[in-house]
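Commentary on secondary and tertiary structure
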Amino acid sequence: MRFYNRTEEIATLHKIRKHSKENAQFTVVTGRRRIGKTSLVLKAYEDTTLLYFFVGRKAENLLCEEFRHEVETKIGIKMGGTPANFAELFEFLMSLSKERDFTLFIDEFQNFFRVNPSIFSDMQKIWDLNHDSSKINLIVCGSVYSMMLKIFRDKKEPLYNRQNRFMHIKAFRPSVLKEIMNDYAPDHSNDDLLALYSFTGGVAKYVQLLVDDKAFTVDSMIDSIVSADSVFINEGRAILIEEFGKDYDIYFSILSAIASGNTKRTEIESLIGKEIGGYLTRLEDDYGIIKKETPLGAKPLTKNVVYTIHDNFLTFWFRFIFKYGHILEIGAYEQLRFLIKRDYATFSGKMLERYFYAKAAESGKYTILGRWWNRKGEYEIDLIAANEIDKTAEIYEIKRQRRNINIADLEEKVRAMLPHTNILKDFNLDIRGLDMDNM
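A brief look at the structure comes next. Computed from a prediction, not measured in an experiment: that's the story for all the values here.

Some remarks on the sheet that holds strand β4 (residues 136–142)
- Taking strand neighbours across the sheet as the criterion, the 5 strands line up as β2-β3-β4-β1-β5 in an open arrangement whose pairing is parallel. Looking at which strands have only one partner, the edges of the open sheet turn out to be β2 (50–54) and β5 (165–168). Along the sheet, successive strands turn relative to each other by an average axial angle of 20 degrees, direction set aside.
- Inspection of the sheet shows β2 paired to strand β3 (residues 102–107) by 5 bridges, in the parallel sense. In the strand pairing of β3, Leu51 is matched with Leu104.
- Against the sheet, helix α1 (residues 7–20) contacts β1 (25–30), β3, β4 and β5, and its axis sits at roughly 160 degrees relative to β5.
- Of the strands in this sheet, β1, β3 and β4 are in contact with helix α6 (residues 118–130), which crosses β4 at around 155 degrees.

Written out as structure tokens, the structure reads:
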């Protein structure tokens, strides 16, 4: 699959590179695994001198030997032997950068915790002493979100706030997914596009895997994802166990409950059988995996709260792959494919709401986006897209099929909402329906 999108991110990286020729730049690039961070940086700097250091889980001296070879190959300087440690190599590069500008890209930076934790304090000292006279463009990248936050946002850590910029790489937006489908499957249906969004959430690697497998229809995507050699089967476990550590089983149980529709704390605790307030806080604040939602216009301390997994793939993985792991253990792939296809319409119906929310956000037309529901669960409004400048609001009912949209019922929900939503006072309201034909 060819390289898509990232125009804004590449422009930002080019700007940083330009600044580094006058003053050293230190940029942190984060984002969930498979999002395309490494490809982005390599693409942005493909025509410049770039040193690429991948921090594997090896002994420090072995890493330094690999890094020495990269330096000598890319810059053409003989170092006279392998540095004794990373600090010695980094000091050499900082000194070299006073004479010539180049980019140093350190990938999976958080793995230095396992190699030698003192590397972070060594880097801090060397950076502080040399960056004022340096022309280095230092880019560090990491996929373990909680560890990268700890390194750069924890006041107790040596590299706290040493970065000039913190870039968070996000998934492909709906327009990009549509462009990909138009390029590779011009005859695709809107349901096929919705499936790509529902299963991958726009994560670059997952999209690439399906494109490479020529899986462009709902059924072929499910067949590709649920197969004996599929990367997707163990993906959720692989990307989260390192984040969660020894408590991963509790976190997995919570996420499985949320993915199955138990979105209130009381519902989750009833299933888990224990108090989970601290776990929910860490899932939201430390790991960035769930988000707490309240109805539009609700008071700050409202108890009318639901939790959602904001990553589409993880929602899918916990809803089907994790939940039905016992089916996979006996190799009954066809049975799991049947279950997913059976429940796809319901699952994708909720994903369609996310799709239109993301599409509205991408449009840049609105200053307010949200949902509304009452505490008793009698009324729920799928999407409210408003503009505070011109005092207009579009209120939507979202269904896969147009025939299932009832505007009269939606108008009743709006009448129930308005007394509790002062944020929309004096707005001109446009009440509409959205279905797959509007994608």
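Considerations on the environment of Ile233
- Along the chain, Ile233 turns up in the loop between α11 (218–225) and α12 (235–244).
- A sequence separation of 84 residues divides Ile233 from Trp317, and the C-alpha atoms of the two residues are 8.0 Å apart.
- Those residues in contact with Ile233, other than ones at most four positions away along the chain, are Ile225, Val226, Ser227, Trp317, Ile321 and Leu328.

As for the environment of Arg375
- Position of Arg375 among the secondary structure elements: in the loop between β8 (368–373) and β9 (380–387).
- Apart from the residues within four sequence positions on either side, Arg375 is in contact with Lys264, Lys303 and Asn304.

Looking at the sheet that holds β8
- Across the sheet, 4 strands lie side by side as β8-β9-β10-β11; this open sheet has mixed pairing. The open sheet has two free edges, formed respectively by β8 and β11 (428–434), since each of these has just one partner strand. Each neighbouring strand pair of the sheet contributes to a mean axis angle of 25 degrees, computed without reference to strand direction.
- Where β9 lies against strand β10 (residues 392–398), 5 bridges are found, and the strand directions are antiparallel. Bridge pairing links Ala385 to Glu394 in β10.
- Helix-sheet contacts for helix α19 (residues 407–417) involve β8, β9, β10 and β11, and the interaxial angle to β11 is about 140 degrees.

Some details on the environment of Ile327
- Note on placement: Ile327 falls in helix α17 (residues 325–329).
- Not counting the four nearest positions on each side in its chain, Ile327 is found in contact with Ala332, Gln335, Leu336 and Leu339.

Structural notes on the pattern of salt bridges
- Tallied over the entire structure, the rule returns 35 salt bridges.
- Between Lys74 and Glu70 there is a salt bridge whose closest N-O contact spans 2.6 Å. With Lys74 and Glu70 both in helix α3 (residues 60–75) and 4 residues apart, the pair spans about one turn of that helix.
- On the accessibility criterion, Lys74 (41% relative accessible area) is partly exposed.
- Judged by its relative accessible area of 14%, Glu70 falls in the buried class.
- The partner of Glu293 in a salt bridge is Arg371, and the shortest N-O contact between them spans 3.4 Å. In this pair, Glu293 is assigned in strand β6 (residues 290–293) and Arg371 in strand β8, connecting sequence segments 78 residues apart.
- Shared partners join several salt bridges into a network, and the residues in it are Glu293, Lys350, Glu353, Arg371 and Glu380.

Comments concerning the side chain of Asn137
- With respect to the helices and strands, Asn137 occurs in strand β4.
- Classification of Asn137 by relative accessible area gives buried; the value is 0%.
- At a separation of 3.2 Å, a polar atom in the side chain of Asn137 contacts the side chain of Tyr45.
- If we skip the residues at most four places from it in the chain, Asn137 touches Ile16, Arg17, Ser20, Gln25, Tyr45, Phe102, Thr103 and Leu104.

A closer look at the packing of helix α9 (residues 190–200) against helix α16 (residues 312–322)
- In contact at an axis separation of 5 Å, α9 and α16 are set at 80 degrees when each is read in the N-to-C sense. Our classification of the angle between α9 and α16 gives roughly perpendicular. Touching Tyr197, Ser198, Phe199 and Thr200 of α9 are Asn312, Phe313 and Phe316, all from α16.
- Of the residues in the contact of α9 with α16, the class split is 4 nonpolar, 3 polar and no charged.

Topic: the packing of aromatic side chains
- Counting across every chain of the model gives 35 aromatic pairs.
- The structure contains a cluster of three or more aromatic residues connected by ring pairs, namely Phe26, Phe53, Phe67, Phe86, Phe90, Phe109, Phe112, Phe113, Phe120, Trp127 and Phe152.
- Its end group placed over the ring of Tyr279, Arg282 keeps NZ or CZ at 5.0 Å from the ring centre.
- The ring of Tyr357 has Lys291 sitting right over it, with the charged end atom 5.8 Å from the ring centre.

Rules and cut-offs
Residues numbered from 1 in each chain as written. Predicted model: local features only at pLDDT ≥ 70, side-chain atom pairs only at ≥ 80, totals over all residues. Heavy atoms only, no water. Pairing = 2+ DSSP bridges. Helix = DSSP H or I, 4+ residues; strand = E, 2+ residues; numbered from the N terminus. Axes fitted to C-alpha atoms, helices over the stretch in contact; angles between N-to-C directions. Contact = heavy atoms within 4.5 Å. Salt bridge = Lys/Arg side-chain N within 4 Å of Asp/Glu carboxyl O. Buried < 20%, exposed > 50% of the residue type's maximum accessible area, 1.4 Å probe, protein only. Polar contact = N/O pair within 3.5 Å; in protein donor to acceptor, adjacent residues only side chain to side chain. Parallel < 35°, antiparallel > 145°, perpendicular 65-115°, else oblique. Nonpolar A, V, L, I, M, F, W, Y, C, P; charged D, E, K, R; others polar. Phe/Tyr/Trp six-rings, centres within 6.5 Å; stacked < 30°, edge-to-face > 60°. Lys NZ or Arg CZ within 6 Å of the ring centre and 35° of its normal.

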